[in-house]
Amino acid sequence: MPGIKCKCGNVIKFGEIPNSNEWLFISDVEYDKYSGNVDSEKLYMDLKSMLICQKCKRIWIYWNGYDNAPTPYKLDVDN
Ligand SMILES: [Zn+2]
């Protein structure tokens, strides 16, 4: 997957490892299942991914894995 086209027209690159446009996160409920030493590969499977558009700062969250379309969230600030 080379990238996704943001609604602003910018293409958010997706192929780099590590990807400077990508952030990983986990819900507090899911994280609560972990304690002590953590297997990073196992943790990775529970992480959600979001991409940040560097042009418009919109974020795209993959709530249901990469096989499903991400949900866009637009920055809400007055300029
Ligand atoms: Zn954008």
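Structural notes, computed from the coordinates. These numbers come from a predicted model, not from an experiment.

Describing the nonpolar core
- Ile4, Cys6, Ile12, Phe14, Leu51, Cys53, Trp60 and Tyr62 together form the largest nonpolar core, which totals 8 residues.
- Here Trp60 is in contact with Ile4, Lys5, Cys6, Lys7, Ile12, Ser49, Met50, Leu51, Pro70, Thr71 and Pro72, once residues within four sequence places are set aside.

Concerning the coordination of the zinc ion
- Around the zinc ion, the protein contributes the donor atoms Cys6 (SG), Cys8 (SG), Cys53 (SG) and Cys56 (SG), which lie 2.3 Å from the metal centre.
- Relative to the metal, the 4 donor atoms surrounding the zinc ion lie at angles of 104 to 114°, and the coordination shape comes out tetrahedral.
- For Cys56, a relative accessible area of 25% corresponds to the partly exposed category.

Some thoughts on the pairing of strand 5 (residues 59–62)
- Of the strand pairs in this sheet, strand 4 (residues 48–52) and strand 5 are connected by 4 bridges, and their pairing is antiparallel. Looking across to strand 5, one finds that Ser49 is bridged to Tyr62.
- The turn linking strand 4 back onto strand 5 is made up of 6 residues, and Lys57 within it adopts a positive phi angle of 70°.

Parameters and conventions
- Per chain, the residues get numbers from 1 upward, laid out in the order the sequence is written.
- Where local features are concerned, this predicted model is filtered to residues with pLDDT of at least 70; where side-chain atom pairs are given and counted, the filter is 80 or more; whole-chain, interface and lining totals use all residues.
- As a rule here, side-chain values cover all heavy atoms of the structure and leave hydrogens and water aside.
- To define a nonpolar core, start from buried Ala, Val, Leu, Ile, Met, Phe, Trp, Tyr and Cys residues and group those joined through side-chain atoms within 4.5 Å.
- Only protein chains enter the accessibility calculation, which uses a 1.4 Å probe; a residue is then buried when its area is under 20% of its type maximum, exposed when over 50%, and partly exposed in between.
- Only heavy atoms enter the contact rule, under which two residues are in contact if any of them lie within 4.5 Å.
- Only nitrogen, oxygen and sulfur atoms count as donors, using a 2.8 Å cut-off from the metal that widens to 3.2 Å for Na, K and Ca. Water is left out, so coordination shells may look unfilled.
- Any coordination sphere not matching a tetrahedral pattern (four donors, all angles between 85 and 135 degrees) or a square planar or octahedral pattern (four or six donors, opposite donors over 155 degrees apart, other angles between 65 and 115) is reported as irregular.
- Being paired, for any two strands, means DSSP has found at least two bridges between them.
- The secondary structure listing takes helices from DSSP runs of H or I that are at least 4 residues long and strands from runs of E that are at least 2 residues long, numbered from the N terminus.

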